[in-house]
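Structural features, examined
The residues making up each chain are set out below.
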Amino acid sequence: MMQNTFFRAESEVTPANLGEAIQQAIEIEIATIPIYLYTYYSINRVPNQAAVSGMISQKLVSAGYSLQDATATALDVSADLMVYANKAGALIMSVAIEEMLHMALSSNLKQALAGFPELVGKSPSVWPACLPGHEPPFYIDRAKFSLSQLITFMKIESPHPLPDAKLLRAPIPYKTIGQFYDMIIECISTHKLEYRTDTSRYPQLVPGKGYYAQNNIDTIFYDREHKPVFTNSPKSSDLICIADKDSAISAIKIIVDQGEGNTGAQHFGPDYAVDCSKVIPEDYDNPERTELCHFEKFAQVYCEYVSLQAKFDSLGIGVIDISQFFVIDVPKNPSTVNYPNKITAENPINLAAVSNLINAVYTYLFVMVENCYKKQTGSTQYEIFMFGIHKSMIFILNSLCGDIMVSTYKDPIDGKTYYAAPTFEDYPFGLASSPKSQLVALYYLAYPTGNYLEQRVLDLPDVPLQYNGIF
Amino acid sequence: MAHINYSPNLSLCGGPTPGGPAPTGPLAPASTTTPVELHVCMGLNACKGHDRTGANNCAGTGYCATAERHNCQTLNNCRGQGGCGLYGDAEQQMNPGNNECAWQGSCAVPIQAERFSTLGDNVGKSVWLRARKLFEDRMHKANRSYGDAPFKCGPPQNWLISVLGSYDSCGNSGNKSCSFGFDSPKTNAKILCEGGKE
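Heads up: these notes are all about the structure in this document. (Residues numbered from 1 in each chain as written. Chains lettered and ligands numbered in written order. Predicted model: local features only at pLDDT ≥ 70, side-chain atom pairs only at ≥ 80, totals over all residues.)

A short note on the nonpolar core
All names here are of chain A. Definition in use: As used throughout, a nonpolar core is a set of buried Ala, Val, Leu, Ile, Met, Phe, Trp, Tyr and Cys residues joined through C-beta atoms within 7 Å of each other. The burial criterion counts other C-beta atoms lying within 10 Å of a residue's C-beta, which is placed from the backbone; the residue is buried at 20 or more, exposed at 12 or fewer, and partly exposed between these limits. For the domains described, the bounds stem from an automatic or database domain assignment. Our contact criterion uses C-beta atoms placed from the backbone: two residues qualify when those atoms are within 7 Å.
With 170 residues, the main nonpolar core has Ala96, Leu357 and Val361 as its most contacted residues. Counting residues domain by domain, this core receives three or more from each of domain 1 (1-328) and domain 2 (334-471). Ignoring anything within four residues of it in the chain, the contact list for Val361 reads Ser392, Ile396, Leu397, Leu400 and Leu439.

What follows is the structure, given as structure tokens:
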């Protein structure tokens, strides 16, 4: 990740620095992915309703409710909690997959206009992190689900400049991601640029190949009657092949509209106040008004949490923090080096080894996406994407995250016990052997006798690491 | 860290390199067992005896998949051996059991009755019924008769668990067949079975 941000106070995007600007855009999109995924995995999307309902029911009876009323009330509030936990997860995941789309759209843009998109090693390396070039800077943690984490998410997606003037340090080159992209649009619109349209030499990720799907089972949640609700529109935007000014601008507009909504969309009030009163048409990112922008999705998660907490508070059974029912107590900004590197009675898996493997799979995803932009023959790009990226993301990474999060450990920094969590750190693949061979070796360090993932890891495509522009 | 050196002849898709010298001379059959067509679920067999037990009497009446059981997208072995419904794009989700190649199936095998599509024209509707429709179209085209599936709308998840010992299809949003909030799993299953949307 860029340690020195590209933009300075007087910066503007010109044909000369367009490539650097688009690379910065790519890194902004990449920076959001570990943040959203980390918080996503801290949510138990399917809490134990019987346990929640039973606990509430007991407290209600103690507070003087009849057993019948207590049971009915407990069922009601526990059902709301079940829906909320699942919805919060679905909405965060729906944003995360669109961030991956945005990374691909920005990469297409760079491939068409300015050169090879660089993705490997571009995740934030220092935590808390900042969005590259965003001013005022604000700290972003890999943290468990909370209201404050949702405020951070909304800062990232804010359609308006952040209101806290105390943070202002200098003239602001860009105040929102949308404004940043506007500078790129301005450059593209006002200059005659050469587009590399020979996709056999300069391949892009294009629509119609099944690379991107707007919804999947992880972007839905169930309502109180257990009916599925889809959080992204099936007609939501897809990948675009960048071939000219119009397609370039269309791609950028997808990124901005999905993140921030249309002109006039709601934003923070003073002191980061969130307006929970209503959703307005501009908060949607599509004309059919079937998909909320990222800012508003997070605002909904925020507002419904406040509302649900108030409902629990109104029961008259004391203060009950509803997050205890569905948020897993994972540490803030964990590092693999702080995980125990041995198997213990409490931990049947070597947490450090599994965490290293997760980081290697996470990083290998970027290795594979980078390779999709390399000149290929036949159906190589398709095979890398479908058999490598989809398998890694949907099955291997998700399975490993589930595996590691059942274990606890004592954090050496603060001495507290937490559930282990995927750290989403870039794994430093060496150049002495292929990344896949290192990934396989890490797998056997984590699972010396193999397990259900063994063949799936062995089946991954073997793609090389790019070094100084050479594969 | 130990490094594993890979053969340059290793295919892109990974996996172990076939070991030993190339075969010479005529290849004798490994066994006399008649191969069966591989399909992804109950009621999708094209021929007599082509279900997992080999006991079904005619097309469309088999009890279980002959394709290898798996629980997620991209894990199917070959053509026509993937389920679909929970992941994948709109086109993939319209073709359960009808994928073109290995690892292109977009969900688990077998297909439980409760599974619904998350994209495409079948969104919110039963995946198994879509698979059965494709199967019936194929049978009509081939001028073949077929019988009813043992379960009208595919195998319920609880039944699969009872006969397989366990059953899992991937995803984090919860079990579709569980009791939840104010739902009625029976009513939901009936709606899906009748071709309605979830």
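Here's the deal with unusual backbone geometry
All names here are of chain A. Selection criterion: Every helix listed is a DSSP run of H or I at least four residues long, and every strand listed is a run of E at least two residues long, numbered separately from the N terminus.
Residue Pro128 follows Trp127 across a cis peptide bond; omega there is 0 degrees. By secondary structure assignment, the location of Pro128 is in the loop between helix 3 (67-113) and helix 4 (147-157). With an omega of 0 degrees, the peptide bond between Glu135 and Pro136 qualifies as cis. As for its placement among the helices and strands, Pro136 is situated in the loop between helix 3 and helix 4. One non-glycine residue with positive phi stands out, namely His226, at about 65 degrees. With respect to the secondary-structure elements, His226 resides in the loop between strand 1 (220-222) and strand 2 (228-230). You can call His226 buried: it has 24 C-beta atoms within 10 Å.

Section: helix 8 (residues 351-372) of chain A
Stated precisely, the cut-off is as follows: By definition here, a helix of n residues has an expected span of 1.5 Å times n minus one.
With 22 residues, helix 8 of chain A extends 32 Å between its outermost C-alpha atoms, agreeing within 8% with the 32 Å of an ideal straight helix rising 1.5 Å per residue. By the criterion of burial, helix 8 of chain A is predominantly enclosed, with 22 of the 22 residues buried.

A short note on the interface of chain A and chain B
Interfaces are frequently sized by the accessible area removed from exposure as the parts join. Applicable threshold: Amino acid classes used here: Ala, Val, Leu, Ile, Met, Phe, Trp, Tyr, Cys and Pro are nonpolar; Asp, Glu, Lys and Arg are charged; the rest, including Gly, are polar.
Every contact between the two is made by 46 residues of chain A and, on the other side, 40 residues of chain B. Contributing elements (two or more residues each) for the side of chain A that touches chain B: helix 3, strand 1, helix 9 (380-404) and helix 10 (435-446) of chain A. Per-element tally for the side of chain A that touches chain B: the top contributor is helix 9 of chain A, with eight residues. The residue inventory of the side of chain A that touches chain B, partitioned by class, reads 22 nonpolar, 14 polar and 10 charged.

Regarding the environment of Asn48(A)
Residues and elements named next belong to chain A. Checked against the element boundaries, Asn48 lands in the loop between helix 1 (18-41) and helix 2 (49-62). Take Asn48: there are 14 C-beta atoms within 10 Å of it, and that puts it in the partly exposed class. For the pair Asn48 and Val274, spaced 226 residues apart in the sequence, the C-alpha separation amounts to 30 Å.

A closer look at the packing of helix 3 of chain A against helix 6 (residues 245-260) of chain A
All names here are of chain A. Selection criterion: Angles run from 0 to 180 degrees between N-to-C directions of axes, and those axes are lines fitted to C-alpha atoms, restricted for helices to the stretch in contact. Here is the rule for angles: anything less than 35 degrees is roughly parallel, anything more than 145 is roughly antiparallel, 65 through 115 is roughly perpendicular, and the remaining ranges are oblique. Take the far helix as the reference: if the near one is turned anticlockwise from it by less than a right angle, the crossing is left-handed, and if turned clockwise, right-handed.
One can describe the packing of helix 3 onto helix 6 by two numbers: an axis separation of 10 Å at closest approach and a directional angle of 155 degrees. Judged on the interaxial angle alone, helix 6 and helix 3 are roughly antiparallel. The crossing of helix 3 and helix 6 is left-handed. Between helix 3, through Glu98, His102, Leu105, Asn108, Leu109, Ala112 and Leu113, and helix 6, the contact on the second element is made entirely by Ala248, Ala251, Ile254, Ile255 and Gln258. Looking at the contact of helix 3 with helix 6, its residues break down into eight nonpolar, three polar and one charged.

Quick word on the environment of Ile413(A)
Residue and element names in this part refer to chain A. Along the polypeptide, Ile413 turns up in the loop between strand 3 (408-410) and strand 4 (417-419). C-beta crowding within 10 Å serves as the criterion here: with 11 such atoms nearby, Ile413 is assigned to the exposed category. For the pair formed by Ile413 and Pro334, sequence separation is 79 residues and the distance between their alpha carbons is 9.8 Å.

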